[in-house]
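Observations on chain architecture
The lines below spell out each chain.
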Amino acid sequence: MNFAAFALRKQTLMVVLTIMVAGMGLISFEKLGRLEDPTFTIKTALIITPYPGASPLEVEEEVTQTIEEAIKAMGQVKEIYSTSKEGLSFVYVDMKDTYTAPELPQIWDELRRKINDVQSALPPGAGPSIVRDDFGDVYGAFFAISGDGCSQAQLRDYAQFLKKELLLCKDVAKIDFWGIQKEAVYIEFERARMAELGISRDLIYRTLHLQNVVQQSGHVDVDTEYMRITPTGEFKDESAIADLLVGGPTGLIRLGDIATIYRDYMDPPRNLMRFNGKPAIGLGISTVARGNVITMGDSVAEKLNQLKSKQPPGMSLDIIYYQSRVVTASVNAFLTNLAEAVAIVIGLLMLFMGWQSGFLIGITLILTILATLIGMFVMGIDLQKISLGALILALGMLVDNAIVVADGILVRVQGGSRRRAAAIDVVHDNAWPLLGATLVAILAFTAIGFSPGNVGEFCRSLFDVMALSLSISWIVAVTVTPLLCIWFLKVPGEFDHKKPHDGPIFRIYRTLLRTTIRFRFVTVFITLIILAGAMMGFSRIPQAFFSPSTQKYFFINYWKPQGTHIQHTSQDMKKIEATVSRMPGVKNITSFVGEGAMRFILSYDYQVPNSSYGQLVVEVDDCLLIDDLIQKTETYLNANFPDAEPHCLKVISGPPITYLVEAQFRGPDIAVLQHMAAQAMEIMHDTPNTRDIRTDWRQQVRVIRPEFSESQARRIGVSRSDLSQALQWNFGGVITGVYREKDELIPIITRPPRQERNSVDNLKNVQVWSSLGQSFVPIGQAITDVRQEWEWPLIKRQDQQRAVTVKCNPVQGNAEPLRSAMKERMAAIELPAGYTMTWKGEFKESNDGREPLKKIFPLCILGMFITVVGLFNSIRRPLIIFLTVPLSIIGIVAGLILVGLPFGFMAILGFLGLSGMLIKNAIVLVEQIEICLRSGMAPFAAILDAAMSRMRPVFMASGTTILGMAPLVYDPMFSAMAVTIMGGLLISTILTLIIVPVFYSIAYNIKWKPDRNA
């Protein structure tokens, strides 16, 4: 079937379809969802199991191992890693990359069943376990609620009010809070007073608990009405607690007479938040699945504007991060890049093909883009960096097919053919070769489309958009392009019957081609020498993974020595906030103390609760200021906080990597692991260009160990549990009941006054209740000594083995050169039997991202080869075509070295796409040689005429692609890809126009002929 002939017969239908596609494309553009970066599914769940009072080692051996063994039985599990700390077990489980987002809910249900089944195997006092499968939820709208002179309770009430209102907004999934300070009712007794009255703490605990417990009191039939009975006596307010009567040896005593009762916030707090130095509460809003971030953002903004009149005086609602605003700016910037690239391509076509030819091909390009937008809408592909980058990447290839058809028609008409016949003949000769070449270009990106894992999911829209747009470009080229050429194309000298390739550039190329074919083996040898030099240069190009984002934010992660009280950490954070806020270009600072913030960016690296940890999220006026601000901040931190471990980092595009170089040691014995980790840290310290050197176990902490005497304690009627409860009451407080206030349950906590619990010196004054003597006894009668021990506060495990990870970052430059500089010394560390060392960090993530490509790309190469074999029904011709691919390395190396960029993951994607472009160009050239041979030309003349015929289309296709990529050179995410394609395509296109004819002449033993007409 000749598609051009069909289009010419059905011209009215083609016009109607073209107008419909244009209109639907514009509508689709308005309807498409918008994101800054593509989403990827975080296939991670977190299992949190409390074990109050247990040491990290006890938590690991009695809880974490049990949880891990239960999870390991699941066949879907990819990786298990855990942290055991005092009283808490955190177990993370990653599912295999092959599972998709729709499959995860069922997997999480199975995980919950496994965890529920194992609860009976946990030790007494441990559990229940909590499974968080929403670990990857992103709160794209993140606000800070603060106010001068406003209490935490007032902030919380306003936050609750906003939550109820904002949940009604369109595309809002859920709303969570961060940093709410929980209230408690404190009852403080003096130890001496309780001992004097002889009242046991257990008696007070039972009285408080039973007084306010909700219990069923029965029903009674009264005159046919079945009435509920419920007695009074519950606590109406804090004063009711003070009026509670407790029994003692001398009778009933009013609780308020022997204790101080007041309401305050939990001490110590779990976490603290400040916005620009003011105490604040975080409010995060997430978008429903498949919801539109911008729609949600606009809906929330409109609702907040309506609620402004109800905002309490002195209170403010500030934006920490607003994804819809960031997305709008990012998408608009990329749309500008796309428009610039389209203008460059069309301008180039007009310059070299004449304004009419360029304009006509430009129309087909815009029509192809509009049709692609329709396909994106149908397939649910959002407008974001990767999909828009794919459109820019595809621009040059989208006009390839149209250039071949339009140039073929132009040449034939200049040679004397009628327009209609020229259009039909050109499409007849080129439709299937162009389809094969288009399929080859699509196959080059297939490895990305079918790559599992976060990286593959992150980049999948690149393949989807490329496959969609290239397929549409072929359809438009063989139907709409011939039609437009017949209607509008004016050919200079249409009836002059001049030779089409008689210009000076063509004559120079013809002379060069004749010379290289004459000395073909010398040409091949020189090419191989250049290629070998490029291969040597390639080994010196640094490797990388993903580049930093252009977002106007950076993070300051801050660790005090492990075990630091949260208030001491908070004091340091206040000083850092004040200093950083005065730096030029800083707009807002949000501090999070005690744990990481809620995930407001997909690549955010959440930190589990840790009183010695704090983080500043710094918003700046311009992302170009971030490097300088980080340098100033780190200089200040290093000079003023020598005992801390600060770490500044930018927002990362793609999966997060906090520490770029990591070496992990695994094995059974903690002492051996720590010895190997110490050696690794020493190597890192000795290696130049290293910073942020630390281990994930952090530092050992001191533990106070009262020596319990079994014999002494039993004689006075004191158990180990009695001792533990006495110590907990004296230094932490004990929850003895709850006070109900509306929908809140406020804990009632009993403890001694501050002066009796704020110093370790008070330990000797602790009184323990003796059940035997029904009185308090000094702690000294139940213990023999009080000593201090060192323990590891964090015990990390990886795949059911203890694991210590030593990590660092480069001071400047990329991670791979730094890792390479230390890997030989690392490999020399002696590993006892049962111990292993593996590289983590960027090295592992990069390999994990590349590994699927290594497995899938050979299949893609095979598919491309079979396609080309099918086109030519030959082996030699496909081999000639595929030999052009390695030539791209020459341009890639030159480009990356010249610009100073690493060969990262996006550069790999650029190389994959580049291979498809080169094969496509070579197919068009070899097919033209075959056409010339079938027309009866002599072999040498056929090579020359085919090369001359295809020089302009090949150069135009490559030129449009190269210049179309120019707007991406300045984008940090796409710069390496752009340079890879531009450099590789520039050099390899020139070489292809020389080497393909040379290889063809060698493969078919075609001799050079001195006669020009031979």
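Residues numbered from 1 in each chain as written. Predicted model: local features only at pLDDT ≥ 70, side-chain atom pairs only at ≥ 80, totals over all residues. Heavy atoms only, no water.

Let's shift gears to the overall build of the protein chain. Across its full length, the protein chain holds 29 helices and 30 strands. In terms of overall dimensions, the protein chain has C-alpha extents of about 130 × 75 × 55 Å along its principal axes. Looking at the protein chain as a whole, 56% of its 1014 residues are labelled buried. Partitioning the contacts of the protein chain with sequence separation of at least 6, the portion at a separation of at least 24 is 81%. Of the roughly 43,700 Å² that the protein chain leaves accessible, carbon and sulfur atoms contribute 57%. For the protein chain, the distance from the average site of its 96 positive side-chain charges to the average site of its 96 negative ones is 9 Å. (Helix = DSSP H or I, 4+ residues; strand = E, 2+ residues; numbered from the N terminus. Buried < 20%, exposed > 50% of the residue type's maximum accessible area, 1.4 Å probe, protein only. Contact = heavy atoms within 4.5 Å. Areas by Shrake-Rupley, 256 points an atom, 1.4 Å probe, with all protein chains shown as cover. Lys, Arg positive; Asp, Glu negative; His and termini not counted. Charge placed at Lys NZ, Arg CZ, Asp CG, Glu CD.)

Our focus in this paragraph is the sheet that holds strand β12 (residues 259–265). Ordered in space as β12-β7-β24-β23, the four strands form an open sheet in which the pairing is mixed. The strands lining the two open edges of the sheet, one partner per strand, are β12 and β23 (734–741). Averaged over all neighbouring strand pairs, the angle between strand axes comes to 25 degrees, with direction disregarded. Two elements, β23 and strand β24 (residues 744–751), share seven bridges in a ladder whose sense is antiparallel. Bridging across to β24, R740 finds its partner in L745. On top of the sheet, helix α7 (residues 201–211) reaches β7 (183–189), β23 and β24; it is set at about 20 degrees to β23, its chief contact. (Pairing = 2+ DSSP bridges. Axes fitted to C-alpha atoms, helices over the stretch in contact; angles between N-to-C directions.)

Before going further, it helps to spend a moment on the side chain of Q615. Relative to the helices and strands, Q615 resides in strand β18 (residues 613–620). The buried category is assigned to Q615, whose relative accessible area is 2%. Within the structure, Q615 has its side chain in polar contact with the side chain of Y604 (distance 2.5 Å). For Q615, the contacting residues outside a window of four places in its chain are F555, I556, N557, M573, T590, S591, F592, A597 and Y604. (Polar contact = N/O pair within 3.5 Å; in protein donor to acceptor, adjacent residues only side chain to side chain.)

Right, let's talk about a nonpolar patch on the surface for a bit. A grouping of F519, V522, F525, I526, I529 and I530 is seen on the molecular surface, where their side chains present a nonpolar patch of about 580 Å² in accessible area. Turning to its location among the elements, F519 is positioned in the loop between α16 (504–518) and α17 (520–538). For F519, a relative accessible area of 42% translates into the label partly exposed. (Patch = residues over 30% accessible without salt bridge, like charges linked within 9 Å, V, L, I, M, F, W, Y side chains within 5 Å. Salt bridge = Lys/Arg side-chain N within 4 Å of Asp/Glu carboxyl O.)

Another aspect to go through is the packing of helix α12 (residues 355–379) against helix α13 (residues 385–414). When two helices pack together, their arrangement is given by the angle between the helix axes and the distance between those axes. Interaxial distance between α12 and α13 falls to 9 Å at its minimum, and their mutual angle equals 135 degrees. Our classification of the angle between α12 and α13 gives oblique. Helix-helix and strand crossings are classified by hand; for α12 and α13 the assignment is right-handed. Judged by residue contacts, S357, I361, T364, L365, T368, I369, T372 and M376 of α12 engage S387, L391, L395, L398, V399, A402, I403, A406 and L410 from α13. Here the contact of α12 with α13 is composed, by residue class, of twelve nonpolar, five polar and no charged. (Parallel < 35°, antiparallel > 145°, perpendicular 65-115°, else oblique. Left-handed = near helix turned anticlockwise from the far one by under 90°. Nonpolar A, V, L, I, M, F, W, Y, C, P; charged D, E, K, R; others polar.)

Attention now moves to α16. If you check α16, its first and last C-alpha atoms are 21 Å apart, about what 15 residues at 1.5 Å a residue would give, namely 21 Å. Regarding α16, the residues found buried are F506, Y509, R510, L513, R514, T516 and I517. On an axial view of α16, the arc spanned by its buried residues comes to 165 degrees, and they lie on one face. Seen from the buried face of α16, the exposed residues on the opposite side, beyond 90 degrees, are P504 and I508. On its buried face, α16 is in contact with α17, α28 (939–964) and α29 (975–1003). (Expected span 1.5 Å × (residues − 1). Arc of directions from axis to C-beta.)

Aromatic rings considered in pairs are described by the distance between their centres and by the relative angle of their planes. For the coordinates displayed, the defined rule picks out 24 aromatic pairs. Each ring, one from F555 and one from F600, has its centre 6.3 Å from the other, and the planes form 70 degrees; the classification is edge-to-face. You can see F555 sitting in strand β16 (residues 553–559) and its partner F600 sitting in the loop between β17 (586–593) and β18, a full 45 residues away along the chain. Accessibility expressed as a relative area gives 7% for F555, which makes it buried. Arranged with centres 5.0 Å apart and planes meeting at 50 degrees, the rings of W559 and Y613 form a pair that is tilted. Of this pair, W559 sits in strand β16 while Y613 sits in strand β18, placing them 54 residues apart in sequence. A connected cluster of aromatic rings, assembled from ring pairs, spans F142, W178, Y321, Y553, F555, F592, F600 and Y604. Above the face of the Y186 ring, R751 is positioned so that its terminal group lies 3.8 Å from the ring centre. Across the ring face of W839, the terminal group of R819 is positioned such that the distance to the ring centre comes to 5.2 Å. (Phe/Tyr/Trp six-rings, centres within 6.5 Å; stacked < 30°, edge-to-face > 60°. Lys NZ or Arg CZ within 6 Å of the ring centre and 35° of its normal.)

Moving on, we come to the environment of S975. Of note, S975 is situated in helix α29. Through-space distance from the C-alpha of S975 to that of Q11 is 43 Å; in sequence the pair is 964 residues apart. Excluding anything up to four places from it in sequence, S975 contacts L901, L968 and V969.

Glancing now at the side chain of S1001. Residue placement: S1001 occurs in helix α29. Taking the relative accessible area as the measure of exposure, S1001 reaches 0% and is therefore buried. A distance of 2.6 Å separates a polar side-chain atom of S1001 from the backbone oxygen of V998. Residue contacts for S1001: discarding those within four places in its chain leaves I517, R520, I943 and I1006.

Time to look at the environment of N847. Here N847 lies in helix α24 (residues 841–872). Separated by 185 residues in the primary sequence, N847 and E662 place their C-alpha atoms 14 Å from one another.

A complete count under the given rule lists 38 salt bridges for this structure. Notably, a salt bridge pairs R254 with D257, separated by 3.1 Å at the nearest N-O pair. The exposure class assigned to R254 is partly exposed, which follows from its relative accessible area of 30%. Given the relative accessible area of 54%, D257 is considered exposed. The partner of K844 in a salt bridge is D848, with the nearest N and O atoms 2.7 Å apart. Taken together, the positions of K844 and D848, both in helix α24 and four residues apart, correspond to about one turn of that helix. One network of salt bridges, in which partners are shared, links E60, E61, E68, R797 and R802.

This next bit is on α28. End to end, α28 covers 36 Å across 26 residues, agreeing with the expected 38 Å (1.5 Å per residue, within 8%). Most of α28 sits inside the fold, with 21 of its 26 residues counted as buried.

A full pass over the atoms with the stated rule returns zero disulfides. Here C623 stays free of any disulfide, with the sulfur of C648 as its closest cysteine sulfur at 17 Å. When its relative accessible area of 26% is taken as the criterion, C623 is described as partly exposed. (Disulfide = S-S within 2.5 Å.)

Turning next to unusual backbone geometry. With omega at 0 degrees, the peptide bond leading from G127 into P128 counts as cis. The topology assignment puts P128 in the loop between α4 (104–118) and β4 (130–132). At the junction of D267 and P268, the peptide bond is cis and its omega measures out at 0 degrees in the coordinates. Summarising the element assignment, P268 is placed in the loop between β12 and β13 (272–275).

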